[in-house]
Amino acid sequence: MIERFAAALTVLAITAPLAAENAPAPATAAAASGEWRTFTTEAYRGKRDSVSFVDDSHGWYGTGAGDLFATTDGGTTWEKVASRPGTFVRAVGFVDRQNGFIGNIGTDYYPGVTDTTPLYRSRDGGRTWEAVDTGAETIKGVCAIDILRVSRIYQGTLVPRSVIHAAGRVGGPTGILRSVDGGDTWSVIDMAPHAGMILDVKFFDENTGLVFAATHPDPAQAEGLVLRTEDGGKTWREVYRSGRKLELIWKASFPESSDTGYATVQSYDPERATQLVIRSDDKGKTWREIEMAQDKTARQFGIGFVSKDVGFVGTAAGGFATKDGGKTWERAPIARAANKFQAVPTDKGVRLYAIGTEVQAIDLAAPPTD
């Protein structure tokens, strides 16, 4: 079963671009404050997995072919700044315009991936990469990178720094790379006792965080799973389990400074029409399920909320949008398999980027303060 599961995901990684009949639907009321626009990018056979912007001009995305692209004009134009054949760029996270991290899925999962290094660091805007040194221990691969900006008092002065977590992976084995000093030193958290796959990670402060996961590396046996830590990953508590086989918790979204967050429930049951997302109103301590759609083809991927009420979900059948915290949903003109969303403040509000078979963005009004 795991081989069929990997093959199904490979279809979206390496198959031909979206057919005309599956193109994004015409704009609807979901984009009332703006319209989704699709950027011109280098052709790629399948979905791209991750995008990272540090402001509304400077951003990066990678591909399963080991290419990294950068923009300095908000996505209007892109330049290939690096290429590493044999690497599958699954996650990208930049701290600023120069310093960032690139996560590799690792070997023994997708065909053609020969790179065993799970995490790279760049100090020159992605043009060159150096392997992150974790010592004798490491993890197999990375599916998600979370960068948290915090400040500490040092000799009477608030000093900014970054807490970084890189977690993986789909199909297992599971682990987290953790740095509390901006990537200078790292520790390794073995997650094998807790989860069979890890697909996403989110920390609210240095100690409190969540992983979005599955109970087993074999999807035939896997149930969707969310784990929470309050001690920097030393211990973990189960806060959600789907109770259904063939499910993973794929990606999550917590709007800036909000206790409310959402995550996608990705189902591989071919007979399951009910598509669910889960919602938490207490920073992940508890979760409840919300129906998004009745559509067997709408297997979920990424999710992006700009407030506790306004958000979008990417699926194998295109996009969905809500304006009322998941009570109601409608189709949105988002390309197939949008795997990652990122909200970026602008001088007029917020821009939400989406990456999958296409790279897209929508400009929205500033969300209300929760």
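The structure displayed is predicted, hence computed values, not measured ones.

Trainee: Explain the overall build of the chain residue by residue, including any values.
Mentor: Broken down by element type, the chain carries one helix and 28 strands. Taking 370 residues into account, the globule formula puts the C-alpha radius of gyration at 21 Å, and the chain, at 19 Å, falls close to it. When its C-alpha atoms are laid out on the principal axes, the chain stretches across 55 × 45 × 40 Å. The proportion of buried residues among the 370 residues of the chain is 60%. Once local pairs closer than 6 in sequence are excluded, the contacts in the chain between residues at least 24 apart make up 50%. Carbon and sulfur atoms make up 49% of the accessible area of the chain, which totals about 14800 Å². Of the side chains in the chain, 41 bear a positive and 46 a negative charge, and the two mean positions are spaced by 1 Å.

Trainee: Lay out the confidence of the model for the chain in plain terms, naming residues and giving numbers.
Mentor: Interpretation of the predicted coordinates at a detailed level should be avoided for regions scoring low in pLDDT. On average, residues of the chain carry a pLDDT of 91, and 90% of them reach 70 or more. Long-range and interchain partners of residues 10-32, a stretch whose pLDDT sits below 50, account for 46 contacts in this model, where long-range means more than four residues apart.

Trainee: Give me unusual backbone geometry: which residues, what numbers.
Mentor: For the peptide bond that leads from glycine 168 to arginine 169, omega is -5°, which places it in the cis range. Mapping arginine 169 onto the fold places it in the loop between strand E11 (157-168) and strand E12 (175-179). Of note, the bond from glycine 172 into proline 173 is cis; its omega dihedral lies within 30 degrees of zero at -5°. Here proline 173 lies in the loop between E11 and E12. Of note, the phi angle at leucine 246 is positive, near 65°, even though the residue is not glycine.

Trainee: An account of the environment of serine 57 is requested, with residue identities and associated values reported.
Mentor: When you line up the elements, serine 57 lands in the loop between strand E2 (51-53) and strand E3 (59-62). Between the C-alpha atom of serine 57 and that of proline 217, which follows or precedes it by 160 residues, the distance is 38 Å. Beyond its immediate sequence surroundings of up to four residues, serine 57 is in contact with Thr71, Thr72, Asp73 and Gly74.

Trainee: Hey, could you go over the pattern of salt bridges for me, with residue numbers and the actual values?
Mentor: As enumerated under the stated definition, the model contains 26 salt bridges in all. Glutamate 79 is paired through a salt bridge with arginine 127; the nearest N and O atoms lie 3.1 Å apart. Within this pair, whereas glutamate 79 is found in strand E5 (residues 79-83), its partner arginine 127 is found in the loop between strand E8 (119-122) and strand E9 (130-131), the two being separated by 48 residues in sequence. Given the relative accessible area of 45%, arginine 127 is considered partly exposed. Residue lysine 283 is joined to aspartate 259 by a salt bridge in which the shortest nitrogen-to-oxygen separation is 4.0 Å. In this pair, lysine 283 sits in the loop between strand E20 (274-280) and strand E21 (288-294) while aspartate 259 sits in the loop between strand E18 (247-253) and strand E19 (261-267), placing the two residues 24 residues apart along the sequence.

Trainee: Can you explain the sheet that holds strand E13 (residues 187-190)? Please cite residues and give values.
Mentor: Read from one edge of the open sheet, four strands run E10-E11-E12-E13, paired in antiparallel fashion. Two strands close off the open sheet at either side, each with one partner strand: strand E10 (144-154) and E13. Neighbour to neighbour, the strand axes of the sheet diverge by 20° on average, direction disregarded. In this sheet, E13 lies alongside E12 in antiparallel orientation, the contact comprising four bridges. Pairing of leucine 177 across the sheet is with valine 188, part of E13.

Parameters at a glance
- Residue indices begin from 1 for each chain and proceed along its sequence in written order.
- The predicted origin of the model limits local features to residues at a pLDDT of at least 70 and limits the giving and counting of side-chain atom pairs to 80 or more, whereas totals for whole chains, interfaces and linings rest on all residues.
- Heavy atoms throughout the structure, all of them, feed into the side-chain values; hydrogens and water do not.
- Helix and strand assignments follow DSSP, with helices taken as H or I runs no shorter than four residues and strands as E runs no shorter than two, numbered in order from the N terminus.
- Computation of the radius of gyration draws on C-alpha atoms alone. For the globule rule, the value is 2.2 Å times the number of residues to the power 0.38.
- Residue exposure (1.4 Å probe, protein chains only): buried if accessible area is under 20% of the type maximum, exposed if over 50%, otherwise partly exposed.
- Residues count as neighbours in contact if any of their non-hydrogen atoms are within 4.5 Å of one another.
- Method for areas: the Shrake-Rupley scheme with a 1.4 Å probe, in which residue coverage is limited to the protein chains shown.
- For the purpose of charge, His is not counted, nor are the chain termini; Lys and Arg are scored as positive and Asp and Glu as negative.
- Charge coordinates come from a single atom per side chain, which is NZ of Lys, CZ of Arg, CG of Asp or CD of Glu.
- Note on scores: pLDDT gives the predictor's confidence for each residue, bounded by 0 and 100.
- What counts as a salt bridge is simple: a side-chain nitrogen of Lys or Arg found within 4 Å of a carboxyl oxygen of Asp or Glu.
- Strands were regarded as paired on the criterion that DSSP finds at least two bridges between them.
- In this analysis an axis means a line fitted to C-alpha atoms, helices contributing only their contacting stretch, and an angle means the value between N-to-C directions, from 0 to 180 degrees.

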